[in-house]
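Chains, contacts and geometry: an overview
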There are 4 protein chains.
Amino acid sequence: MHRFDTSAKGVYLITVTPFTDGGALDLASTDRMVDFCLERGVTGLTILGIMGEATKLTAEEAKAFTRQVVQRAAGRVPIVVGVSSPGFAAMGELTRAVMDLGASGVMVAPPSTVRTDDQIAGYFDMVNETLGPVPWCLQDHPVATGVQMSPAVILRILKNSPHCVMLKHEDWPGLAKLSAIRAAGDKGEVRRVSILTGNGGGLFLPEELSRGADGAMTGFAWPEMMVDVVAAHAGGDVERAHDLFDAYLPLARYEQQAGIGLAVRKHLLHQRGAIASPFVRKPGPRLSAQDLADIDRLVRRQDKRLHELG
Amino acid sequence: MHRFDTSAKGVYLITVTPFTDGGALDLASTDRMVDFCLERGVTGLTILGIMGEATKLTAEEAKAFTRQVVQRAAGRVPIVVGVSSPGFAAMGELTRAVMDLGASGVMVAPPSTVRTDDQIAGYFDMVNETLGPVPWCLQDHPVATGVQMSPAVILRILKNSPHCVMLKHEDWPGLAKLSAIRAAGDKGEVRRVSILTGNGGGLFLPEELSRGADGAMTGFAWPEMMVDVVAAHAGGDVERAHDLFDAYLPLARYEQQAGIGLAVRKHLLHQRGAIASPFVRKPGPRLSAQDLADIDRLVRRQDKRLHELG
Amino acid sequence: MHRFDTSAKGVYLITVTPFTDGGALDLASTDRMVDFCLERGVTGLTILGIMGEATKLTAEEAKAFTRQVVQRAAGRVPIVVGVSSPGFAAMGELTRAVMDLGASGVMVAPPSTVRTDDQIAGYFDMVNETLGPVPWCLQDHPVATGVQMSPAVILRILKNSPHCVMLKHEDWPGLAKLSAIRAAGDKGEVRRVSILTGNGGGLFLPEELSRGADGAMTGFAWPEMMVDVVAAHAGGDVERAHDLFDAYLPLARYEQQAGIGLAVRKHLLHQRGAIASPFVRKPGPRLSAQDLADIDRLVRRQDKRLHELG
Amino acid sequence: MHRFDTSAKGVYLITVTPFTDGGALDLASTDRMVDFCLERGVTGLTILGIMGEATKLTAEEAKAFTRQVVQRAAGRVPIVVGVSSPGFAAMGELTRAVMDLGASGVMVAPPSTVRTDDQIAGYFDMVNETLGPVPWCLQDHPVATGVQMSPAVILRILKNSPHCVMLKHEDWPGLAKLSAIRAAGDKGEVRRVSILTGNGGGLFLPEELSRGADGAMTGFAWPEMMVDVVAAHAGGDVERAHDLFDAYLPLARYEQQAGIGLAVRKHLLHQRGAIASPFVRKPGPRLSAQDLADIDRLVRRQDKRLHELG
């Protein structure tokens with residue numbers, strides 16, 4: 001089985017959290033969604049992230065959802081759980097709870113209140129104290145957190161964090177940063193960790209693979225795009241990786257819009273049969289008739305293009 | 001007894017959360033601190049705010065602390081609980097829990113993610129849905145939240161929020177805003193709610209009382225300062241209110257420093273016997289020898305000045 | 001000739017400012033670049049924007065460049081000049097200078113210091129006072145300014161600004177906002193102004209044209225992409241518009257990266273013969289060997305795709 | 001005469017820029033204001049800062065005002081000019097202009113766009129290139145700039161900047177930072193530069209002097225407060241320094257309010273005869289009747305208190 005450690009590669013899909021049309025947590029759809037992802041070849045699942053509506057769940061719901069995902073995945077792929085919290089007490093509590101439920105590790109992003117390099121590094125010293133031996137993924141996502149981490153500070157965190165096994169690289173633009181961190185690992189200046197990218201929602205995936213990324217950790221209603229692009233690239237067919245990527249790009253671009261993107265994704269996952277309802281909890285966007293027309297056109301064009309590609 | 005409604009006045013003290021030297025929640029000190037506040041004449045207590053280290057508590061600790069405060073206060077003053085949360089599910093859960101424990105109402109600040117007037121107003125529509133009939137206080141604290149609410153948007157929220165009974169006015173500078181909102185209430189453009197101020201940690205209290213504030217909701221190791229200033233002002237002796245205020249101002253200024261202020265406050269409350277330990281949970285500041293020397297000097301000078309005032 | 005008024009449509013290209021390899025303003029390349037743009041069918045030029053390195057020019061250089069562009073364009077297309085400034089004195093000075101040199105109008109974005117709807121609207125009242133009868137374009141670009149303008153506040157500005165003739169729509173995501181503003185114009189709630197889009201650097205151009213945008217105002221080393229997409233869309237061939245757009249999208253996406261994007265654009269314009277040197281003044285990014293390899297691949301793939309499209 | 005170098009001490013007053021009631025630059029009042037400051041014992045003048053309405057002046061006005069101040073001061077005290085600019089071309093131009101007019105040096109704050117330690121340090125490398133041998137003051141003012149500079153990054157800048165002679169320390173709270181930077185200078189880890197404080201508008205002046213500050217660089221309508229506090233402290237009478245400070249604190253606190261503070265200061269300087277008109281250019285606050293009543297009371301109380309102090 002795939003393991004959540006520094007050797008991780010492939011596609012860790014950021015999953016949505018399925019609700020019923022009435023807004024209740026939908027555990028049946030949770031099973032269906034896990035199957036949908038695994039059938040498409042993902043090598044890991046990341047739950048309770050921003051796009052998983054984590055903050056809209058009660059503590060009980062978060063645990064029930066985690067339990068269901070872990071049970072359905074049944075050890076076939078690692079499950080990583082977002083545990084970023086306003087305080088360390090809550091982060092520690094949630095971490096213990098999800099590890100007890102069988103999660104493989106956790107993911108942490110810095111809070112918007114840290115700014116200087118010293119503040120950022122100091123924050124992750126406390127994360128390490130809080131998490132203890134639990135393997136974790138460092139999420140670098142300035143668009144969401146407002147925290148800009150230079151390559152220097154990321155290397156500093158990696159040096160101080162023996163149980164950090166992965167970097168979720170989501171800075172945008174971030175190609176130079178990715179190259180710098182990979183180079184430091186190759187030169188032995190720092191432990192080599194797994195780097196999965198989510199830069200702009202995966203919108204630079206082929207270029208990032210060429211820079212040494214081990215795969216992707218992001219969400220998209222067509223997980224097979226990322227799985228196939230990563231496979232083609234790993235197999236040495238870089239042009240094929242780009243061809244596939246380009247075929248999905250117009251829709252991926254549309255789904256990655258901030259705010260409305262989650263509604264687009266759930267709409268598409270619902271259309272594809274992965275979840276029973278596209279319901280998004282408040283506060284959340286609703287799709288307009290114009291949005292739906294845009295999406296229909298993009299899906300139709302994508303199908304045609306993929307058909308041409310073969 | 002004092003009630004948490006639109007007629008509220010006086011001083012709602014923002015309390016600290018006492019820990020032992022080892023960092024555990026200290027329920028014995030909680031009782032002592034409640035007594036300390038009530039003996040000094042406060043008319044309400046606000047717990048689990050930023051200065052109450054709310055985010056550093058586990059869910060169980062937050063409830064245990066709330067239970068203890070409510071029991072010790074024993075109905076003598078209303079207890080208001082900060083319930084600002086990253087999501088409405090958590091806000092609703094905490095609200096139900098603390099109201100069940102006997103709290104009088106809750107306090108909500110907007111999240112840093114809302115920016116435009118429409119976003120802010122829309123956010124509080126969802127707060128109203130979440131809180132239902134629970135009386136609540138609107139916290140306007142841009143320095144902490146990054147959200148700037150114009151007088152127009154505050155009036156809009158008040159119009160849409162039948163159960164909002166109080167504005168905690170903490171914008172800085174905020175005298176003109178306070179005047180504008182009070183004027184709108186006096187002209188009947190909006191329901192008159194209680195306005196308690198915390199502007200700069202109470203550093204404009206006498207001026208705010210002259211602008212129509214009903215009192216203060218903030219923290220300071222000498223709650224009697226605010227109680228006495230409000231009483232003198234209410235009694236028509238504005239110069240006496242200023243004299244008292246000025247005597248405490250040098251130390252209040254020092255205690256209101258961002259970051260280190262909480263450590264100063266707990267140190268002073270410990271010195272005054274209100275809590276058993278000045279312990280602040282991480283992440284939190286530590287006082288240096290120079291800080292302690294500053295504080296000693298300021299306390300000594302304050303004692304002298306108060307003695308002269310009589 | 002095309003006029004800079006509420007009827008404006010087509011493509012207003014955001015131009016770069018050409019320098020020599022030594023970093024001096026290159027007026028010969030300025031002529032070549034103007035010709036390059038006009039030969040590709042743009043209907044206007046916008047100079048001294050963020051991507052025009054406006055803040056890196058001395059006052060004299062800004063005027064010399066404006067003079068050169070105006071003279072070379074020779075009345076064939078309108079020239080719009082970015083005049084956003086930290087203060088109104090400088091804004092007024094620059095506006096008078098460039099209008100005297102023959103510019104058709106100016107463009108203004110709000111400063112990062114305004115936050116509430118009232119502050120934003122109040123700021124543009126002062127812009128109107130400063131600009132007087134000069135026609136101007138309102139730039140809504142939150143990613144660069146940090147200012148979020150709701151549809152309501154944009155409509156309020158348009159109502160108060162008789163000489164505002166155009167909205168440069170650059171919010172992201174911004175399709176719903178574009179629809180809302182266009183609808184208000186169609187219903188007569190507000191004067192209909194020209195709306196040119198730059199959303200994400202033009203990355204949503206076909207969808208925005210379907211929402212009623214009159215064209216694009218953004219930069220890209222292939223201005224003919226926008227010209228052809230707008231023409232196809234205007235001619236009713238929406239699928240052709242998408243086909244063209246999709247062919248350019250992988251490279252456009254790469255060129256629109258924040259920070260490094262300008263270096264990519266100048267590199268490509270240099271390769272295409274539009275400017276003599278790709279020099280970017282400090283502070284500015286430099287392209288790495290990996291960046292150049294990415295670009296070469298994307299250009300080659302784009303050429304192939306365009307050839308297939310015919 | 002006092003020199004603008006690393007030995008600078010005392011009070012560098014941040015001056016206002018006087019206008020006539022009609023809004024024109026008032027050069028006659030400029031002379032009067034310079035005299036007013038020098039008569040009260042300041043050891044330097046800092047012009048064209050935020051509180052000098054620098055961004056509201058045309059380039060010609062900025063030069064005319066600088067020329068007048070330099071001529072009137074006639075070499076008795078150094079004149080430092082704020083030259084923070086959106087770009088280095090403008091910064092270099094303004095620096096050359098004011099040095100040619102006889103200024104003693106310049107002051108630079110980082111732009112709000114730099115965030116990480118590397119970005120901040122890199123920015124000041126370019127400042128050094130731009131300024132060449134001109135002596136300059138590093139302004140650390142997070143409340144205005146949004147840039148948080150850790151002690152580590154300030155020391156790094158000082159090491160890289162042979163012509164930086166002074167730190168204007170305006171972080172709030174900033175006592176620990178001041179102590180750390182002073183300690184590094186005392187240990188020889190970095191060149192010892194002059195540190196003048198403006199923390200919260202001088203609201204921590206006595207404590208900062210105890211931490212090793214060489215004086216103050218800030219504005220207040222009673223420059224003699226800072227002059228006398230610094231003198232008492234330097235003379236070893238720390239209690240007297242506090243007594244004086246405390247007497248002015250209630251009004252200083254009021255004048256240091258963001259936004260409205262400049263109008264308060266100009267009103268008071270007008271009342272004291274230092275300038276002919278309290279006019280503030282747009283965008284700027286206006287004082288209400290309630291503000292004026294507050295100010296009258298505070299001035300009256302301050303006079304009484306100073307009289308008691310003797």
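Source: prediction; values computed, not measured. (Residues numbered from 1 in each chain as written. Chains lettered and ligands numbered in written order. Predicted model: local features only at pLDDT ≥ 70, side-chain atom pairs only at ≥ 80, totals over all residues. Heavy atoms only, no water.)

Details of the overall build of chain A
Selection criterion: A run of H or I in DSSP counts as a helix once it spans at least four residues, and a run of E counts as a strand once it spans at least two, with each numbered from the N terminus. Both definitions apply: the radius of gyration is a C-alpha atom measure, and the globule rule equals 2.2 Å times residues to the power 0.38. Buried, partly exposed and exposed residues are distinguished by accessible area as a fraction of the type maximum, computed with a 1.4 Å probe on protein chains only: under 20%, between the cut-offs, and over 50%, respectively. Contacts: residue pairs with any heavy atoms within 4.5 Å of one another.
Per the secondary structure count, chain A includes 13 helices and 8 strands. By the compact-globule yardstick of 19 Å for 310 residues, chain A fits well, its C-alpha radius of gyration being 18 Å. Reported as C-alpha extents along the three principal axes, the dimensions of chain A are approximately 50 × 45 × 35 Å. Within chain A, buried positions represent 63% of all 310 residues. Considering only intrachain contacts with a sequence separation of at least 6, the fraction spanning at least 24 residues in chain A is 74%.

Some words on the interface of chain C and chain B
Going by this rule: Defined here as a combined quantity, buried area equals the accessible surface (1.4 Å probe) lost by two parts on assembly, summed across both. Salt bridge criterion: a side-chain nitrogen from Lys or Arg within 4 Å of a carboxyl oxygen from Asp or Glu. We call two N or O atoms a polar contact when they sit within 3.5 Å, provided that within protein one can donate a hydrogen and the other can accept it, with sequence-adjacent residues counted only if both atoms are side-chain atoms. When residues are grouped by polarity, Ala, Val, Leu, Ile, Met, Phe, Trp, Tyr, Cys and Pro land in nonpolar, Asp, Glu, Lys and Arg in charged, and all others, Gly among them, in polar.
Listed per partner, the contact involves 11 residues of chain C and 11 residues of chain B. Contact between chain C and chain B buries roughly 910 Å² in total, counting both sides, with carbon and sulfur atoms accounting for 40%. The largest share of the area that chain C buries against chain B comes from C:Arg115, C:Thr116 and C:Gln148, three residues that together contribute 59% of it. Applying the counting rule to chain C against chain B returns 0 salt bridges. Where chain C touches chain B, the interface holds 5 residue pairs in polar contact (both at pLDDT 80 or more). Taken together, the residues that form the side of chain C that touches chain B break down as 3 nonpolar, 5 polar and 3 charged.

Focus: the pattern of salt bridges
Across all of its chains, the model carries 108 salt bridges over all chains by this definition. With a closest N to O distance of 3.5 Å, A:Arg72 and A:Asp31 form a salt bridge. Of this pair, A:Arg72 sits in helix H2 (residues 59-73) while A:Asp31 sits in helix H1 (residues 27-39), and the two are 41 residues apart along the sequence. Residue classification places A:Asp31 among the buried residues on the basis of a relative accessible area of 17%. Between C:Glu224 and C:Arg40 there is a salt bridge; the shortest N-O distance is 3.6 Å.

With respect to the relation of the copies chain C and chain B
Short version of the rule: The fit set for superposing copies consists of C-alpha atoms from residues with pLDDT of at least 70 in both; the fit itself is least squares.
Mapping chain C onto chain B leaves a residual RMSD of 0.0 Å; the transformation is a rotation of 180 degrees accompanied by 0.0 Å of translation along its axis. Such a turn and shift between the copies fits a two-fold axis.

Things to note about the relation of the copies chain A and chain C
Of the transformation placing chain A onto chain C, the axial shift is 0.0 Å and the rotation is 180 degrees, giving an RMSD of 0.0 Å. When the interface residues of chain A are mapped onto chain C, 100% of them are again interface residues, pointing to one common binding face.

Some points on the packing of helix H6 (residues 151-160) of chain C against helix H7 (residues 175-186) of chain C
All names here are of chain C. Note the threshold: Fitted lines through C-alpha atoms give the axes, limited to the stretch in contact for helices. The angle between two N-to-C directions lies from 0 to 180 degrees. For classification purposes, an angle smaller than 35 degrees is called roughly parallel, one larger than 145 roughly antiparallel, one from 65 to 115 roughly perpendicular, and anything else oblique. Left-handed describes a crossing whose near helix is turned anticlockwise from the far helix through less than a right angle; right-handed describes the clockwise counterpart.
The N-to-C vectors of H6 and H7 enclose an angle of 40 degrees; their axes lie 10 Å apart at closest approach. It follows that H6 is oblique to H7 by the angle criterion. Crossing angle aside, the handedness with which H6 passes H7 is right-handed. Residues Pro151, Ile154 and Leu155 of H6 form the contact with H7, whose participating residues are Lys177, Ala180, Ile181 and Ala184. Its residues placed into classes, the contact of H6 with H7 shows 6 nonpolar, no polar and 1 charged.

Observations concerning the UniProt feature "binding site: pyruvate" (unreviewed entry) in chain A
Residue and element names in this part refer to chain A. Operational definition: UniProt positions are given in the numbering used here, feature names are shortened, and annotations may be inferred rather than shown by experiment.
According to UniProt, the positions carrying the feature "binding site: pyruvate" (unreviewed entry) are Met217. Along the chain, Met217 falls in strand E8 (residues 215-218). Its relative accessible area of 0% is what places Met217 among the buried residues. Setting aside residues no more than four positions away along its own chain, Met217 makes contact with Tyr12, Ile14, Thr46, Met107, Cys137, Met166, Lys168, Leu196, Thr197 and Gly198.

Description of the side chain of A:His267
When you line up the elements, A:His267 lands in helix H12 (residues 261-271). Aside from chain neighbours lying at most four places away, what touches A:His267 is A:Pro278, A:Leu287, A:Leu292 and A:Ile295.

Points about the interface of chain A and chain C
Of the residues lining the interface, 30 residues belong to chain A; the matching set on chain C comes to 30 residues. Between chain A and chain C the total buried area reaches about 2800 Å² when both faces are included, carbon and sulfur atoms providing 47% of it. Counting the surface chain A buries against chain C, the share from its top three residues, A:Arg211, A:Arg253 and A:Arg301, is 22%. Among the salt bridges present, the one from A:Asp291 reaches C:Arg211, with a minimum N-O distance of 2.8 Å. The interface formed by chain A and chain C holds 20 residue pairs in polar contact (both at pLDDT 80 or more) in total. Elements that contribute at least two residues to the side of chain A that touches chain C include exactly helix H7 (175-186), helix H11 (238-255) and helix H13 (289-309) of chain A. Here the side of chain A that touches chain C takes 10 residues from H11(A), the largest share from any one element. Taken together, the residues that form the side of chain A that touches chain C break down as 12 nonpolar, 6 polar and 12 charged.

Some words on the packing of aromatic side chains
Residue and element names in this part refer to chain B. Test applied: The pairing test for Phe, Tyr and Trp rings, Trp by its six-membered ring, is centres within 6.5 Å, and the orientation test on the planes gives stacked under 30 degrees, edge-to-face over 60, and tilted for anything in between.
In the structure shown here, the tally under the stated rule is 32 aromatic pairs over all chains. Consider the rings of Phe19 and Phe279, whose centres lie 6.4 Å apart with planes at 85 degrees: the pair is edge-to-face. Taken together, the residues Phe19 in the loop between strand E1 (10-14) and helix H1 (27-39) and Phe279 in the loop between helix H12 (261-271) and helix H13 (289-309) connect sequence positions 260 residues apart. For Phe19, a relative accessible area of 0% translates into the label buried.

Observations regarding the sheet that holds strand E3 (residues 79-82) of chain B
All names here are of chain B. We count it as follows: Pairs of strands are assigned from DSSP output, requiring at least two bridges between the strands.
Taking strand neighbours around the barrel as the criterion, the 8 strands line up as E1-E2-E3-E4-E5-E6-E7-E8 in a closed arrangement whose pairing is parallel. Neighbour-to-neighbour, the strand axes of the sheet open up by a mean angle of 25 degrees, direction not taken into account. Across the sheet, helix H6 (residues 151-160) is in contact with strand E5 (136-140) and strand E6 (164-169); its angle to E5 comes to roughly 170 degrees.

Topic: the pairing of strand E3 (residues 79-82) of chain A
Residue and element names in this part refer to chain A. Where we set the bar: By convention, a crossover is right-handed whenever its connection, traced from the first strand over the helix to the second and viewed with the strands pointing away, goes clockwise.
Side-chain alternation along E3 places Ile79 and Val81 on one buried face and Val80 and Gly82 on a second face that is also buried. As defined by bridge partners, strand E2 (residues 44-47) adjoins E3 across 3 bridges and the pair is classed as parallel. The residue of E3 that forms the bridge with Ile47 is Val81. Handedness of the crossover is the feature at issue here: the chain leaves E2, passes through H2, returns alongside E3, and the resulting connection is right-handed. Relative to strand E4 (residues 105-108), E3 is paired through 3 bridges, and the arrangement is parallel. Bridging across to E4, Val81 finds its partner in Val106. Considered for its hand, the β-α-β crossover made up of E3, helix H3 (residues 88-100) and E4 is right-handed.

What to know about the environment of B:Val230
All names here are of chain B. Within the fold, Val230 resides in helix H10 (residues 223-234). Separated by 220 residues in the primary sequence, Val230 and Gly10 place their C-alpha atoms 6.6 Å from one another. For Val230, the residues in contact, after removing those within four places along its chain, are Gly10, Val11, Leu209 and Gly215.

Regarding H10(B)
Residues and elements named next belong to chain B. Let me state the cut-off plainly: Take the number of residues in a helix, subtract one, and multiply by 1.5 Å to get its expected span.
For H10, which comprises 12 residues, the first-to-last C-alpha distance of 17 Å matches the rise-based estimate of 16 Å (1.5 Å per residue) to within 8%. Among all positions of H10, only Pro223, Glu224, Met225, Met226, Val227, Val229, Val230, Ala232 and His233 are buried. Against the buried residues of H10 lie E1, H1, helix H9 (205-210), strand E8 (215-218) and helix H11 (238-255). In the stretch just after H10, Gly236 is the one whose phi turns positive, near 90 degrees.

Thoughts on the sheet that holds strand E1 (residues 10-14) of chain D
Residue and element names in this part refer to chain D. As summarised here, the arrangement of the 8 strands in space is E1-E2-E3-E4-E5-E6-E7-E8, forming a closed barrel in which the pairing is parallel. The mean inter-strand angle of the sheet, taken between neighbouring strand axes irrespective of direction, is 25 degrees. One ladder, built from 3 bridges, connects E1 with strand E2 (residues 44-47); its direction is parallel. Its bridge partner being in E2, Ile14 is matched across the sheet by Thr46. Packing of helix H4 (residues 117-131) onto the sheet brings it into contact with strand E4 (105-108) and strand E5 (136-140), and relative to E5 it is tilted by some 155 degrees.

Description of the side chain of A:Thr43
Tracing the backbone through its elements, the reader meets A:Thr43 in the loop between H1 and E2. There is a polar contact of 2.8 Å between the side chain of A:Thr43 and the backbone oxygen of A:Lys9.

Description of the environment of C:Thr197
Residues and elements named next belong to chain C. Its place among the elements puts Thr197 in strand E7 (residues 194-197). For Thr197, a relative accessible area of 0% puts it in the buried group. Remark: the alpha-carbon pair of Thr197 and Gln290, spanning 93 residues in sequence, is separated by 31 Å. Not counting chain neighbours up to four residues away, the residues in contact with Thr197 comprise His169, Leu178, Leu205, Glu208, Ala213, Gly215, Ala216, Met217 and Thr218. Of note is the side chain of Thr197, whose polar atom sits 2.7 Å from the side chain of Glu208.

Description of the packing of helix H1 (residues 27-39) of chain D against helix H2 (residues 59-73) of chain D
All names here are of chain D. The N-to-C vectors of H1 and H2 enclose an angle of 45 degrees; their axes lie 9 Å apart at closest approach. On the basis of their axis angle, the class for H1 and H2 is oblique. Remark: the crossing between H1 and H2 carries right-handed chirality. Within the contact between the two elements, H1 uses Leu27, Thr30, Asp31, Met33, Val34, Asp35 and Leu38 and H2 uses Ala64, Phe65, Gln68, Val69, Arg72 and Ala73. Partitioning the contact of H1 with H2 into residue classes produces 8 nonpolar, 2 polar and 3 charged.

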